[in-house]
Amino acid sequence: MLKVLIPKEMGAETRVAGSPDTVRALAKRQLLCVVEKGAGTASGFSDEQYSAAGAELAFPQDSAVWAEANLLLTVGPLQMEQPKLSAGALVVGQLAPHGNENLLQLLQGQKLSAISLELLPRISRAQSMDVLSSQANIAGYKAVLLAAAALDRYMPMLMTAAGTVQPAKVLVIGAGVAGLQAIATARRLGAVVKVSDVRPAAREQVESLGARFIEPPVQGVPGEQGGYAKEATAAFLEAQRQGLAEQLTDIDMVICTAQVPGRPAPLLLTKEITELLRPGAVVVDLAVAQGGNCELSQVGENINHKGVLVIGADRLPATVPHHASSLYARNVAALLEVVISKTGELNLDPEDPLLDPCLVSLAGALRRTDLVPNWKQEEGVKP
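All figures in this text were calculated on a predicted structure; none of them were measured in a lab.

### Section: the environment of A191
Thinking step 1. Mapping A191 onto the fold places it in the loop between α6 (177-188) and β10 (192-196).
Thinking step 2. Here the alpha-carbon distance between A191 and M253, two residues 62 residues apart in the chain, equals 9.7 Å.
Thinking step 3. In contact with A191, other than residues within four places in its own chain, are M155, A168, V170 and A186.

This is the structure:
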């Protein structure tokens with residue numbers, strides 16, 4: 001019987017990789033689920049709920065429990081200070097693989113297999129497993145609420161006895177999952193929304209939500225690769241920055257969501273361009289952990305620059321932990337349907353188009369050393 005371990009996340013992480021519902025579903029498949037005590041508390045899941053769903057409870061960081069686990073489900077990446085897993089165990093989570101030399105060392109040293117959920121391909125089979133989309137959806141929603149709470153005016157148009165209040169004007173940069181949810185949320189709050197995206201094909205989705213699409217520069221449109229926008233050229237970004245500068249003079253709120261997987265976020269709002277916003281305007285930068293779309297943003301900080309509030313919002317899904325955890329756990333459970341056979345055994349086929357790009361390591365043999373520049377494969381270990 002495979003033993004599945006769901007740990008209490010380290011640091012400030014409030015989410016958990018398994019909910020009582022998904023634990024119950026795994027138990028029905030004859031998997032033994034072990035949940036560390038307090039793992040789901042911040043997400044609204046009690047230890048009693050996990051026990052009722054069929055899980056065993058364990059004290060956090062119990063080295064004996066970790067050594068017996070065949071499968072570790074995690075939200076955040078592995079940490080050096082965590083107990084060791086047994087050789088051949090599988091780790092599934094958001095492992096932050098890009099440039100993460102420590103991760104490769106851990107996987108190789110402990111001879112672990114690992115699936116990094118950030119690397120799942122955007123194909124139809126993977127839709128139910130797409131944690132980036134489920135969590136980005138929450139981030140886009142919460143970003144608008146944060147900005148609305150900080151804004152110095154109403155969001156909707158109001159007809160009052162004292163006169164008419166005009167609606168807030170919102171600019172959303174990037175029409176991916178987070179951007180589309182930001183558009184929908186801002187529209188529900190009554191704002192007028194404009195959207196900038198490098199992909200002309202995004203126009204239809206943007207307009208279907210009642211927003212106005214800003215045409216990207218004509219030359220050098222980067223397009224898409226694997227369901228994500230490609231990295232733009234310097235000339236294209238400069239043209240895009242100039243186009244955004246023309247839009248900012250009457251904007252009240254900017255939601256920045258433009259990101260390229262594994263690369264620094266495109267810098268779109270320089271200090272000078274940000275200063276075109278009126279005092280009292282708000283910028284929420286969801287790309288801040290990748291360097292930011294706004295030059296002034298800092299991770300986890302609120303920066304007031306000449307009256308413009310710039311919010312570096314890097315952990316928004318964790319501020320909605322109940323639904324974030326519930327959705328994340330369902331994504332993981334859907335993936336386990338693929339990697340665990342009907343007889344309850346791990347089935348990691350590296351040639352499966354679903355697993356090939358996200359299977360970072362197979363029993364310690366590293367398969368995605370391309371994610372870490374200048375990584376030197378240890379002698380005798382081949383991907």
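And the narrative resumes.
### A few points about the nonpolar core
Thinking step 1. Counting residues in hydrophobic clusters, the biggest one holds 62 residues, and the most contacted among them are L73, V92, I115, L117, L335 and V339.
Thinking step 2. The element contributing the most residues to this core is helix α10 (residues 321-339), with six residues.
Thinking step 3. Filtering out sequence-adjacent residues up to four positions away, L73 remains in contact with V4, L5, I6, P7, A17, L26, V92, V332 and L336.
Thinking step 4. Counting residues in hydrophobic clusters, the runner-up holds 31 residues, among them L151, M155, V195 and V206.

### Here we look at the side chain of Q135
Thinking step 1. Looking at the secondary structure, you find Q135 in helix α5 (residues 131-150).
Thinking step 2. Excluding anything up to four places from it in sequence, Q135 contacts R15, P317, A324, L327 and Y328.

### A closer look at unusual backbone geometry
Thinking step 1. One non-glycine residue, A96, adopts positive backbone phi at about 45°.
Thinking step 2. For A363, which is not a glycine, the phi torsion comes out positive at approximately 50°.
Thinking step 3. Secondary-structure assignment places A363 in the loop between β18 (359-362) and β19 (365-366).
Thinking step 4. Judged by relative accessible area, which is 45%, A363 ranks as partly exposed.

### Observations regarding the packing of α5 against α6
Thinking step 1. Contact geometry for α5 and α6: axes closest at 7 Å, N-to-C directions at 40°. Considering the relative orientation of α5 and α6, their crossing is right-handed. Across the interface between the two elements, S133, A136, N137, G140, Y141, V144 and L145 from α5 touch V177, A178, Q181, A182, T185 and A186 from α6.

### Considerations on the sheet that holds strand β3 (residues 56-58)
Thinking step 1. The eight strands lie next to each other as β3-β2-β1-β4-β5-β6-β18-β19, forming an open sheet whose pairing is mixed. A single partner strand is all that each edge strand has here, and the edge strands are β3 and β19.
Thinking step 2. Where strand β4 (residues 71-73) lies against strand β5 (residues 90-93), three bridges are found, and the strand directions are parallel. Counted as the bridge partner of L71 is L90 from β5.
Thinking step 3. Each of β4, β5 and β6 (113-116) touches α10; the most contacted strand, β5, lies at about 140° to it.

### Considering the pairing of β6
Thinking step 1. Taking every second residue as pointing to the same face, both faces of β6 are buried, with S113 and I115 on one and A114 and S116 on the other.
Thinking step 2. Bridge analysis of β5 against β6 gives four bridges, and the strand direction is parallel. Counterpart to L90 in the pairing with β6 is S113.
Thinking step 3. Following the chain from β5 across helix α4 (residues 101-110) to the adjacent parallel β6, one finds a crossover that is right-handed.

### Details of α4
Thinking step 1. Looking at α4, one finds that the buried residues are L103, L104, L106, L107, Q108 and Q110.
Thinking step 2. Close packing links the buried residues of α4 with β6, β18 and β19.
Thinking step 3. A distance of 3.4 Å separates the backbone nitrogen of N102 from a side-chain oxygen at the start of α4, and that oxygen is part of N100.
Thinking step 4. Immediately downstream of α4, the backbone of K111 shows phi near 55°, a positive value.

### What about the sheet that holds strand β9 (residues 169-173)?
Thinking step 1. Taking strand neighbours across the sheet as the criterion, the seven strands line up as β11-β10-β9-β14-β15-β17-β16 in an open arrangement whose pairing is mixed. The open sheet terminates on both sides in strands that have one partner only, identified here as β11 (212-214) and β16 (302-305). Direction aside, neighbouring strands of the sheet carry axes that sit 20° apart on average.
Thinking step 2. Relative to β10, β9 runs parallel, the two sharing five bridges. For K169, the partnering residue across the bridge sits in β10 and is V192.
Thinking step 3. Running over the sheet, α5 touches β14 (253-256), β15 (282-285) and β17 (308-312) and is turned about 155° from β14.

### Overview of the packing of aromatic side chains
Thinking step 1. Scanning all chains against the criterion turns up one aromatic pair.
Thinking step 2. Residues F45 and Y50 carry aromatic rings whose centres are separated by 6.3 Å and whose planes lie at 80° to one another, so their mutual orientation is edge-to-face. Y50 matches F45 in its accessibility class, with the two residues each being buried.
Thinking step 3. The residue whose ring lies beneath K37 is F59, and the NZ or CZ to ring-centre distance is 4.1 Å.

Parameters and conventions
Residues numbered from 1 in each chain as written. Predicted model: local features only at pLDDT ≥ 70, side-chain atom pairs only at ≥ 80, totals over all residues. Heavy atoms only, no water. Helix = DSSP H or I, 4+ residues; strand = E, 2+ residues; numbered from the N terminus. Contact = heavy atoms within 4.5 Å. Core = buried A, V, L, I, M, F, W, Y, C linked by side-chain atoms within 4.5 Å. Buried < 20%, exposed > 50% of the residue type's maximum accessible area, 1.4 Å probe, protein only. Axes fitted to C-alpha atoms, helices over the stretch in contact; angles between N-to-C directions. Left-handed = near helix turned anticlockwise from the far one by under 90°. Pairing = 2+ DSSP bridges. Right-handed = clockwise from strand over helix to strand, strands pointing away. Polar contact = N/O pair within 3.5 Å; in protein donor to acceptor, adjacent residues only side chain to side chain. Phe/Tyr/Trp six-rings, centres within 6.5 Å; stacked < 30°, edge-to-face > 60°. Lys NZ or Arg CZ within 6 Å of the ring centre and 35° of its normal.

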